[in-house]
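Here are the chains, one letter per residue:
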Amino acid sequence: EDQVTQSPEALRLQEGESSSLNCSYTVSGLRGLFWYRQDPGKGPEFLFTLYSAGEEKEKERLKATLTKKESFLHITAPKPEDSATYLCGAAGGGNKLTFGTGTQLKVEL
Amino acid sequence: ETGVTQTPRHLVMGMTNKKSLKCEQHLGHNAMYWYKQSAKKPLELMFVYSLEERVENNSVPSRFSPECPNSSHLFLHLHTLQPEDSALYLCASSQARTGGGTDTQYFGPGTRLTVL
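Every chain begins its residue count from 1, and numbering advances along the sequence as written. Just so you know, chain letters begin at A and ligand numbers begin at 1, following the order they were written in. The model is predicted, so local features are restricted to residues of pLDDT at least 70 and side-chain atom pairs to those at 80 or more, both for listing and for counting; the totals for chains, interfaces and linings are taken over all residues. Only hydrogens and water are set aside; all other atoms, that is, all heavy atoms of the structure, feed into the side-chain values.

## A short note on the nonpolar core
Item 1. Leu33, Trp35, Leu73 and Tyr86 of chain A are the most contacted members of the largest nonpolar core, which has 23 residues in total.
Item 2. Elements are defined by DSSP. Helices are runs of H or I of four residues or more, strands are runs of E of two residues or more, and each kind is numbered from the N terminus. Contributions of two or more residues to this core are made by strand S2 (10-14), strand S3 (19-26), strand S4 (32-38), strand S5 (45-50), strand S7 (62-66), strand S8 (70-75), strand S9 (84-91) and strand S11 (103-108) of chain A.
Item 3. When residues of this core are assigned to their parent elements, the largest contribution, four residues, is made by S9 of chain A.
Item 4. Any two residues having at least one pair of non-hydrogen atoms within 4.5 Å are treated as being in contact. Sequence-distant contacts of Leu73 of chain A, defined by excluding residues within four places in its chain, comprise Ser19, Ser20, Leu21, Trp35, Phe48, Leu62, Lys63, Ala64 and Tyr86 of chain A.
Item 5. Nonpolar core, defined: a set of buried Ala, Val, Leu, Ile, Met, Phe, Trp, Tyr and Cys residues in which side-chain atoms within 4.5 Å join the residues together. Categorising residues by exposure relies on relative accessible area from a 1.4 Å probe, with only protein chains included: less than 20% of the type maximum marks a residue as buried, more than 50% marks it as exposed, and the intermediate range marks it as partly exposed. Counting 22 residues, the second-largest nonpolar core is a separate cluster that includes Val60, Phe64, Cys68 and Leu78 of chain B.

What follows is the structure in structure tokens.
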């Protein structure tokens, strides 16, 4: 059975304090690793898709990386507006996305 | 309108009511999805439609009934719901990729459902 585990469950950072979120996955034949950002009361907003180990993608202060067992979302010099829940989803051979429970990030001034 | 839209945004219903959730995608995609999101739980896939044909039904109770009249519209008909069905219901759409890999899903804002 496909599984995705995200850690930590919650993270509190000071503005400018860089950190990383982890997404560990167990899927048969990874067909895509997806990162989303979700603000309270809203739908998930697409950030990145990674398809193969070693792949990296960047957008503003965010950088996503992928290995054969996990993905990291690195946040460099975060700002309060980066506060949100970050969701990770992995698609296996059945083309179905399995999501983790998310990391709730709070960035304080 | 752009992206994926959902109506209503909030819905309160009694256990004996019948209501419907509506989703519309303006992205030209050919697949649509219903997810349920409850607090502290991962997103749960409920239904998948590809080219207007239901391709997945993840053991969802029959009190939830999906309908996909065309590739741009998706409905979720609700009847005789239970309080534990209270959650955020999300619609998503995607365009099937060629050459392998899984297509990226784009989500709507969700409908916050409360069952009394």
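From this point, the narrative continues.
## Some words on the sheet that holds strand S1 (residues 3-7) of chain A
Residues and elements named next belong to chain A.
Item 1. Strands were regarded as paired on the criterion that DSSP finds at least two bridges between them. Strand order in the open sheet formed by five strands is S1-S3-S8-S7-S6, with antiparallel pairing between adjacent strands. With one partner strand each, in any of the chains shown, S1 and strand S6 (56-59) form the two edges of the open sheet. Put simply, the sheet's adjacent strands are angled 15° from each other on average, direction ignored.
Item 2. In this sheet, S3 lies alongside S1 in antiparallel orientation, the contact comprising five bridges. Note on S3: the bridge partner recorded for Thr5 is Ser24. As a rule, the C-alpha atoms of each element are fitted with a line to give its axis, helices using only the stretch in contact, and angles between N-to-C directions run from 0 to 180 degrees.

## Concerning the layout of surface pockets
Item 1. Each pocket or cavity is described by its volume, and for the largest pocket that value is around 620 Å³.
Item 2. Both cavities and pockets are sets of points on a 1 Å grid over the protein atoms alone; in a cavity a 1.4 Å probe fits but cannot get out, in a pocket the set is open with protein on both sides within 12 Å along at least five of seven lines, and lining residues sit with an atom within 4 Å of a point. Around the largest pocket sit 25 residues that line it, and Gln38, Thr85 and Gln104 of chain A together with Gln37 and Lys40 of chain B are the ones nearest its centre.
Item 3. Those elements giving two or more residues to the lining of the largest pocket turn out to be S9 and S11 of chain A.
Item 4. Ranked by the residues each element gives to the lining of the largest pocket, the list is headed by S11 of chain A, at four residues.
Item 5. Note on residue categories: nonpolar means Ala, Val, Leu, Ile, Met, Phe, Trp, Tyr, Cys or Pro, charged means Asp, Glu, Lys or Arg, and polar means any other residue, Gly included. Here the lining of the largest pocket is built from residues that sort into eight nonpolar, eleven polar and six charged.
Item 6. Grid points are joined across faces, edges and corners, and a volume is the space filled by probe spheres set on the points. Looking at the second largest pocket, its volume works out to about 300 Å³.
Item 7. Of all elements in the fold, only S1 and strand S10 (97-99) of chain A together with strand S5 (44-50) of chain B reach the threshold of two or more residues within the lining of the second largest pocket.
Item 8. Of all the elements, S10 of chain A adds the most residues to the lining of the second largest pocket, at three residues.

## Overview of the environment of Glu9 of chain A
Item 1. Mapped onto the fold, Glu9 of chain A is located in the loop between S1 and S2.
Item 2. In this structure Glu9 of chain A comes out as exposed when scored by relative accessible area, which is 56%.
Item 3. Through-space distance from the C-alpha of Glu9 of chain A to that of Val107 of chain A is 15 Å; in sequence the pair is 98 residues apart.
Item 4. In this structure Glu9 of chain A touches Gly102, Thr103 and Gln104 of chain A together with Lys40 of chain B, once residues within four positions along its chain are discounted.

## Examining the sheet that holds strand S1 (residues 4-7) of chain B
Residues and elements named next belong to chain B.
Item 1. The sheet built from four strands is open, its strands ordered S1-S3-S8-S7 with antiparallel pairing. Because the sheet does not close on itself, it has two edges, and the strands there are S1 and strand S7 (64-70). Neighbour-to-neighbour, the strand axes of this sheet turn through a mean angle of 20°, independent of strand direction.
Item 2. Looking at chain direction, S1 and strand S3 (residues 18-25) are connected through four bridges and run antiparallel. Considered in S3, the bridge of Val4 is made with Gln25.

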